[in-house]
Amino acid sequence: MFNWYKKVVFENYANFNGRARRSEYWYFTLFNVIFSFLTMAIDKALNLEIGLNAVYGLAVFIPGLAVAFRRLHDIGKSGWLLVIIYLAMIICAAVMIGASLSALSGVASPGGFGIGVIVSAVIVFGLAIWLLVMFCTNGDVGENKYGPDPKADGSEDISQIGVE
C-alpha cells in the first residue's frame, strides 16, 4: 500500500499525463492524511505555528494535484475539470464570506445573508459530492484518449502508474 504513495510522490511528482487507478489515488490520499496528522501533532508538540505540516503540505501539493488529474483521466474526464470545480468552490466561499461580512456590518438584510450562504453551501456540497463520486468511479475499460488502461493486465503492478 505504501508503495503507491511512494510511486506518486517520488516517481510521478509532477506527472499530469496518463491515468491513475482508484487504488493509486486512494492509497496516496490515505497516507497523505496520516502524514498530515503526524506533522500536525509534531507541530503542536513543538508549539510551532508554521512548521513541519506547512512544509509537508507544500511538498505534496503538486503530486496530489497530479494524481487527481490522472484519476480524472482514468474515467475519461479532463483534469482541468478539477481546476474548474476548485475555482467554483473558491467563488462560493468568497460569496459566503462576503455575505457574512455584509450581515455583520448591517449592510445586508438577514434574509439576503441566509439565501446567499445557503445557495453557496449547497453548490460547494454538491460539487464535493460530484468530485467524490468521480474519484470512486471505476476507470474506463481499455484505452481512452489519456492512455492505456492501467488495469489491463489484471494485476496490481504499480509500475503502470502514470504510464500513457
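K.L.:
What is the right way to look at the overall build of the protein in this model?
P.N.:
Scanning the protein for helices and strands turns up five helices and zero strands. A separation threshold of at least 6 residues defines the contact pool for the protein, and within that pool the share at least 24 residues apart is 76%. On the protein, roughly 9500 Å² of surface is accessible, and the fraction owed to carbon and sulfur atoms is 71%.

K.L.:
Please explain the packing of helix H3 (residues 52–74) against helix H4 (residues 80–105) as it appears in this structure.
P.N.:
When two helices pack together, their arrangement is given by the angle between their axes and by how far apart the axes lie. Contact geometry for H3 and H4: axes closest at 8 Å, N-to-C directions at 115 degrees. From H3, Leu65, Ala68, Phe69 and Leu72 reach across to H4, where they touch Trp80, Leu82, Val83 and Tyr86. Tallied by class, the residues present in the contact of H3 with H4 amount to eight nonpolar, no polar and no charged.

K.L.:
Would you mind showing me how to read the pattern of salt bridges here?
P.N.:
Opposite charge on two side chains lets them pair, provided their charged atoms get close. Across all of its chains, the model carries five salt bridges by this definition. Among the ionic pairs, Arg19 bridges to Asp149, the shortest N-O distance being 3.9 Å. Here the residue Arg19 occupies a position in the loop between helix H1 (2–11) and helix H2 (22–45), and Asp149 occupies one in the segment after helix H5 (110–136), the gap between them amounting to 130 residues. Taken individually, Arg19 and Asp149 each receive the classification buried, so the pair is uniform in this respect. The salt bridge involving Arg71 is made with Asp74; its shortest N-O contact spans 2.7 Å. With a gap of three residues between them, Arg71 and Asp74 both fall in helix H3, about one helical turn apart. Accessibility classification places Arg71 together with Asp74 in one group, the buried group. Shared partners join several salt bridges into a network, and the residues in it are Arg19, Arg71, Asp74 and Asp149.

K.L.:
What should I look at first to understand the packing of aromatic side chains in this one?
P.N.:
The geometry of an aromatic ring pair comes down to the distance between the two centres and the angle between the two planes. Following the criterion strictly, the structure yields 12 aromatic pairs and no others. Their ring planes at 65 degrees and their centres at 5.2 Å tell us that Tyr5 and Phe35 sit as a pair that is edge-to-face. Note that Tyr5 is positioned in helix H1 and Phe35 in helix H2, a separation of 30 residues in sequence. Exposure remark for Phe35: the relative accessible area of 23% places this residue in the partly exposed category. Geometrically, the ring pair formed by Phe31 and Phe35 is tilted, given 6.3 Å between the ring centres and 35 degrees between the ring planes. Taken together, the residues Phe31 and Phe35, both in helix H2 and four residues apart, mark about one turn of the helix.

Reading the values: the criteria
- Residues numbered from 1 in each chain as written.
- Predicted model: local features only at pLDDT ≥ 70, side-chain atom pairs only at ≥ 80, totals over all residues.
- Heavy atoms only, no water.
- Helix = DSSP H or I, 4+ residues; strand = E, 2+ residues; numbered from the N terminus.
- Contact = heavy atoms within 4.5 Å.
- Areas by Shrake-Rupley, 256 points an atom, 1.4 Å probe, with all protein chains shown as cover.
- Axes fitted to C-alpha atoms, helices over the stretch in contact; angles between N-to-C directions.
- Nonpolar A, V, L, I, M, F, W, Y, C, P; charged D, E, K, R; others polar.
- Salt bridge = Lys/Arg side-chain N within 4 Å of Asp/Glu carboxyl O.
- Buried < 20%, exposed > 50% of the residue type's maximum accessible area, 1.4 Å probe, protein only.
- Phe/Tyr/Trp six-rings, centres within 6.5 Å; stacked < 30°, edge-to-face > 60°.

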